[in-house]
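# Chains, contacts and geometry: an overview
Listed here are the chains, written in short residue letters.
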Amino acid sequence: MYRFLLTRQWVILTLVTLALIPTMIRLGYWQLHRHEHKVALNTVISDSLTAEPVAAESLTAPGQRIKHDDLYRRVTAKGHFDTAHEEVVRRRTNSDGAVGYHVLTPFVLDDDRVLIVNRGWIPANGAQTAFPKIPTPAKGEITVTGRLMADETTADSGIKNVQGLPDRQVMLISSEQQAQRLGKQVLGGYIEQTAPDPKGDSPELIPDPEHSDIGPHMAYAIQWWLFSAGVPVGWVILVRRERRDRAEAATAEAAPETAAAAV
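Residues numbered from 1 in each chain as written. Predicted model: local features only at pLDDT ≥ 70, side-chain atom pairs only at ≥ 80, totals over all residues. Heavy atoms only, no water.

### With respect to the pairing of strand E5 (residues 114-123)
In regular strands, side chains alternate between the two faces of the sheet. The criterion, for reference: Categorising residues by exposure relies on relative accessible area from a 1.4 Å probe, with only protein chains included: less than 20% of the type maximum marks a residue as buried, more than 50% marks it as exposed, and the intermediate range marks it as partly exposed. Secondary structure elements follow DSSP: runs of H or I of four or more residues count as helices, runs of E of two or more count as strands, with numbering from the N terminus. When DSSP finds two or more bridges between two strands, those strands count as paired.
Counting buried positions along E5 yields nine of 10 residues, so the element is predominantly enclosed. Where strand E4 (residues 99-109) and E5 come together, nine bridges link them in antiparallel fashion. Paired with valine 103 across the strands is glycine 120, a residue of E5. Hairpin connection from E4 to E5: four residues lie between these consecutive antiparallel strands, with aspartate 112 at a positive phi of about 75 degrees. The pairing of E5 with strand E8 (residues 190-195) spans two bridges and is classified as parallel. Among the inter-strand pairings, valine 117 is bridged to a residue of E8, identified as isoleucine 191.

See the structure below:
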């Protein structure tokens, strides 16, 4: 009755079905983990943004990685900007989606260590091979406030770290690379400046990150699990349909012989 299941076509179909079920279950759990990560990150961002600012030196040090729970934490630092060693980060967009640069300015602390400050976004106002015009920051000793960020990597950001760029242009923000370039002790990570406000609103300060949207990952997880449940159901339906079609074909073939025997 079900001998057709041993044919090459049905053996392959059955094996594919058996492979799809655990694959879809794993994909569902992968989306679930992404959902949990997003929810946890949103909590970290919310807690960090509402916490009182602390000294940057209390959360980071030269060569140190930023802890996950310290991401987006508001920090302050006292010192002065070193505009002579300023760099820009290519292919960055503002809140309106316009492409330009992020401005990286070393901020020299009172003990001569350096904190890298992302002062914000400027438009691409010239040839990409030329260093853009950058508004100057406040001169002399000041106190800056910003969100503490981890060093950027290709794995986390998806941005390829292209080499051979024009002078003073980079693709990723890395305190380790900045330390090598400056020949100084550079605190791990960097900060996105939130205060003081720049003169003339340029560079454009980077807005607070979105932390209320949990994304579609939970819906995707449920979808994959429903697919995994639907695959064996679909296989059973196909088997029954094949059995019915074969039975009808056998009956149709036997009908003429039965009629002839009756005559």
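More follows now that the structure is in view.
### Concerning the pattern of salt bridges
Here is the rule: The salt bridge criterion pairs a side-chain nitrogen of Lys or Arg with a carboxyl oxygen of Asp or Glu, the two atoms within 4 Å.
In total, this model carries 10 salt bridges according to the counting rule given. Linking aspartate 112 and lysine 184 is a salt bridge whose minimum nitrogen-to-oxygen distance equals 3.6 Å. Of the two residues, aspartate 112 sits in the loop between E4 and E5 while lysine 184 sits in the loop between helix H3 (175-182) and E8, which places them 72 residues apart along the sequence. For lysine 184, a relative accessible area of 33% gives the class partly exposed.

### Observations concerning unusual backbone geometry
Along the chain, alanine 195 connects to proline 196 via a cis peptide bond; the corresponding omega equals 0 degrees. A cis amide bond links serine 202 with the next residue in sequence, proline 203, at an omega value of 0 degrees. Following the sequence through the fold, proline 203 ends up in the loop between E8 and helix H4 (217-262). The phi dihedral of aspartate 112 falls on the positive side, at around 75 degrees, and the residue is not glycine. Even without a glycine there, the phi angle at arginine 168 is positive, about 65 degrees. Its place among the elements puts arginine 168 in the loop between helix H2 (154-157) and strand E7 (169-170).

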